[in-house]
Amino acid sequence: MKPYVMALDQGTTSSRAILFDAEQNIIGVAQKELTQFYPHEGWVEQNPMEIWSSQYAVMMEVLASSGVDASEVAGIGITNQRETTIVWDRKTGRPVYNAIVWQCRRTAPIVDALRQDGLGEHIRQTTGLVADAYFSGSKIKWILDHTPGAREAAARGELLFGTVDSWLVWNLTGAAAHVTDVTNASRTMIFDIHRLDWDDTLLHALDIPRAMLPAVCSSSEIYGYTDLRGARVPIGGIAGDQQAALFGQTCFRQGDVKSTYGTGCFLLMNTGERAFESQNGLLTTIAIGLGDRVQYALEGSVFVGGAVIQWLRDEMRFFSESSDAEYYAQKVSDSGGVYFVPAFTGLGAPYWDMYARGSIFGLTRGTRREHLIRAAQESIAYQTRDLLTAMERDTGTRIEELRVDGGASRDTFLMQFQSDIADCRIRRPMIRETTALGAAYLAGLATGVWNGCDELERLWRCDTTYTPAMEETQRTALLQGWKKAVDACIHWSQA
């Protein structure tokens, strides 16, 4: 048996490649940062060719640095930033416009028009999502409407749409495969998560030709092959980053919950084969597709999680390394009454306000840099607590344990505060690269490296457990202050 599986982890801020062995040990890692473009307020773009070239570069680099021969790689799994939208020419393979990133808010008027046409409820019942600029559907329409000649070319069948996974597979297979998996399809706002097919009503409303769309496959199967240093290697796994993390955390059973702390924060609960319809602002999405069966999930999305720490580092220049935030946050005993609501691109679940904007409340003459940094750290935990509360209300169950991953999960201060403010146990795994691990698992299952989910569960190991240590009266007071701050941000840019 070939002993290695490669995960391509194409994220919002970087492209990475991680090589795992059959015991899920990390053999090699390579990473390259990705340029972000902000043409106008609220707009976020990336260069699709840079997405591809950076991902290809790290794929080659991880092989070179690890000393592993390409012929020993059993398969490749792909996980990706979701909702980010790319449209390219079928013949030339060239993008017709920059990738519109999931954070971009330019299509809010398109979404408003869908709501005004009475499609809000149809979107919720069919796609499991709320009508929001976050998702891919309105982004496709914007590109077709604003790129000269694009709409006519699309009508002639000359253009293709894909989320980042589709774009990578297209390039890896030399244009042989135009596919996506059910998890990524479920994030487009044009996919029926019950029928597992593109929805004609929404395609018509957004004037999107069906011929543009990729074939929708399961999350673990052979989609095609790529030439990896002369070796013919199968691409065997695809999942959106948050679903990949859920799978990498071995949350295979109904009721299992994980939270990923990356650029944004994403809380997912596996709800099994039942698609819960949230009454509390959460999304219903596809957790994973294996064979001809799918599992569903409830999801809460925080648009700005770790990105608030990057903002303090890059824009405010409060520190030089993101990891310094933990040090400064612990230099003060509390935030000094300061609340930071990082609604830079609106608020996600459970509020879904495209027009909220970032705000800081409670400043006094005694407020120091450390208070602001601590308030920013705490805002990540407060937003996750909001999602946990909504999830408990939807399912009628108390969440006792939360599995965590992502870059910010390394922050001991943040994880303890998260446990305190959420009043639940936090478990952090030995391998924190669970998004990449989930993609590797999916590829490994498709290529025979691992035999079923039971074997994967036995491989999962806990590194650190955090338990609540905050008094209920203190928790209640802090949450009341947070709610007051959030309420003040609602509809800010429309005020």
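Residues numbered from 1 in each chain as written. Predicted model: local features only at pLDDT ≥ 70, side-chain atom pairs only at ≥ 80, totals over all residues. Heavy atoms only, no water.

**Student:** Hey, could you run me through the overall build of the protein chain in this one?
**Tutor:** Regarding its fold elements, the protein chain presents 16 helices and 23 strands. The C-alpha atoms of the protein chain give 22 Å as radius of gyration, which agrees with the globular expectation for 495 residues (23 Å, within 12%). Its C-alpha atoms put the protein chain at 60 × 50 × 45 Å along the principal axes. Per-residue burial for the protein chain yields a buried fraction of 61% across its 495 residues. Residue pairs at least 24 apart in sequence account for 73% of intrachain contacts in the protein chain once pairs closer than 6 positions are excluded. Of the accessible surface of the protein chain, which amounts to about 18400 Å², a share of 47% is contributed by carbon and sulfur atoms. (Helix = DSSP H or I, 4+ residues; strand = E, 2+ residues; numbered from the N terminus. Rg over C-alpha atoms; globule rule 2.2 N^0.38 Å. Buried < 20%, exposed > 50% of the residue type's maximum accessible area, 1.4 Å probe, protein only. Contact = heavy atoms within 4.5 Å. Areas by Shrake-Rupley, 256 points an atom, 1.4 Å probe, with all protein chains shown as cover.)

**Student:** Looking at this structure, I do not really get the nonpolar core. What am I missing?
**Tutor:** Across soluble globular proteins, you tend to see nonpolar side chains buried next to one another. By size, the foremost hydrophobic cluster in this structure holds 110 residues, and its most contacted members are Ile190, Met212, Tyr261 and Leu402. With 11 residues, helix α12 (residues 369-395) is the single largest residue contributor to this core. The residues contacting Ile190, other than those within four sequence positions of it, are Thr127, Gly137, Ile140, Trp198, Asp199, Leu202, Leu203, Leu206, Ile208 and Leu213. Core analysis: the next-biggest nonpolar cluster, separate from the first, contains 38 residues, Trp88, Ala177, Val179 and Val233 among them. (Core = buried A, V, L, I, M, F, W, Y, C linked by side-chain atoms within 4.5 Å.)

**Student:** Any chance you could explain the sheet that holds strand β18 (residues 293-302) here in plain terms?
**Tutor:** What links the strands of a sheet is backbone hydrogen bonding, and the strands pair in either a parallel or an antiparallel sense. Strand order across the open sheet formed by 7 strands is β17-β18-β16-β15-β21-β22-β23, with mixed pairing between neighbours. Of all strands in the sheet, those bounded by a partner on one side alone are β17 (283-290) and β23 (462-466). Shown here is a sheet whose adjacent strand axes are inclined to one another by a mean of 30 degrees, direction ignored. As defined by bridge partners, strand β16 (residues 265-272) adjoins β18 across 7 bridges and the pair is classed as antiparallel. From the neighbouring strand, Leu267 faces β18, where its bridge partner is Gly300. (Pairing = 2+ DSSP bridges. Axes fitted to C-alpha atoms, helices over the stretch in contact; angles between N-to-C directions.)

**Student:** Would you take a moment to explain unusual backbone geometry for this structure?
**Tutor:** Peptide bonds are, in most cases, trans, and in most cases residues other than glycine have a negative phi. The residue after Ala349, namely Pro350, is reached through a cis peptide bond having omega -5 degrees. If you trace the backbone, Pro350 turns up in the loop between β19 (339-341) and β20 (359-361). In this model, Ala175 sits at a positive phi of 70 degrees, which is unusual for a non-glycine residue. Relative to the helices and strands, Ala175 is located in the loop between α6 (164-172) and β9 (179-181). Located in the positive-phi region is Asp207, a residue other than glycine, with phi close to 55 degrees. Asp207 gets classed as partly exposed once you look at its relative accessible area, which sits at 40%.

**Student:** I tried to follow the confidence of the model for the protein chain on my own but got confused; where do I start?
**Tutor:** Detail in the predicted coordinates should be disregarded across regions flagged by low pLDDT. Residues at a pLDDT of 70 or more form 99% of the protein chain, whose mean pLDDT is 93. The lowest-confidence element of the protein chain is helix α15 (residues 453-459), averaging 87 in pLDDT; the highest-confidence one is β9, averaging 98. (pLDDT = per-residue confidence, 0-100.)

**Student:** Explain the state of the cysteines to me, please; I cannot follow it from the model alone.
**Tutor:** Think of a disulfide as a covalent bridge from one cysteine sulfur atom to another cysteine sulfur atom. For the structure on display, the rule yields 0 disulfides. The thiol of Cys453 is unpaired, and the distance to the nearest cysteine sulfur, on Cys251, comes to 12 Å. Residue class for Cys453 comes out partly exposed when judged on its relative accessible area of 24%. (Disulfide = S-S within 2.5 Å.)

**Student:** Honestly, the environment of Ile426 in this entry has me stumped. Any pointers?
**Tutor:** Summarising the element assignment, Ile426 is placed in strand β22 (residues 425-429). Its relative accessible area of 0% is what places Ile426 among the buried residues. Ile426 sits 117 residues away from Ile309 along the chain, and the two C-alpha atoms are 21 Å apart. Not counting chain neighbours up to four residues away, the residues in contact with Ile426 comprise Leu402, Val404, Met415, Gln418, Ser419, Thr464, Thr465 and Tyr466.

**Student:** Hey, could you run me through the environment of Glu455 in this one?
**Tutor:** In this fold, Glu455 is placed in helix α15. Assessed through its relative accessible area of 23%, Glu455 is described here as partly exposed.

**Student:** How do you make sense of the packing of aromatic side chains when you look at a structure like this?
**Tutor:** Here the distance between the centres and the angle between the planes together describe a pair of aromatic rings. By the definition in use, this model includes 25 aromatic pairs. Between Trp43 and Trp142, the aromatic rings sit 5.4 Å apart at their centres with planes inclined by 85 degrees, giving edge-to-face as the arrangement. Remark: Trp142 occurs in helix α4 (residues 136-146) and Trp43 occurs in the loop between β3 (26-33) and β4 (45-46); sequence separation between them is 99 residues. Using a relative accessible area of 9% as the deciding quantity, one classes Trp142 as buried. Relative to Tyr56, the ring of Trp52 has its centre 5.5 Å away and its plane inclined at 50 degrees; by these criteria the two rings are tilted. Pair noted here: Trp52 and Tyr56 are both in helix α1 (residues 48-66), with a separation of 4 residues, about one helical turn. Note on Trp52: relative accessible area 16%, which makes it buried. Counting every residue linked through ring pairs, the aromatic cluster contains Trp102, Tyr134, Phe135, Phe266, Phe303 and Trp352. Above the face of the Trp142 ring, Arg106 is positioned so that its terminal group lies 4.6 Å from the ring centre. When the ring centre of Phe276 is taken as origin, the NZ or CZ atom of Arg274, which lies over that ring, is 3.8 Å away. (Phe/Tyr/Trp six-rings, centres within 6.5 Å; stacked < 30°, edge-to-face > 60°. Lys NZ or Arg CZ within 6 Å of the ring centre and 35° of its normal.)

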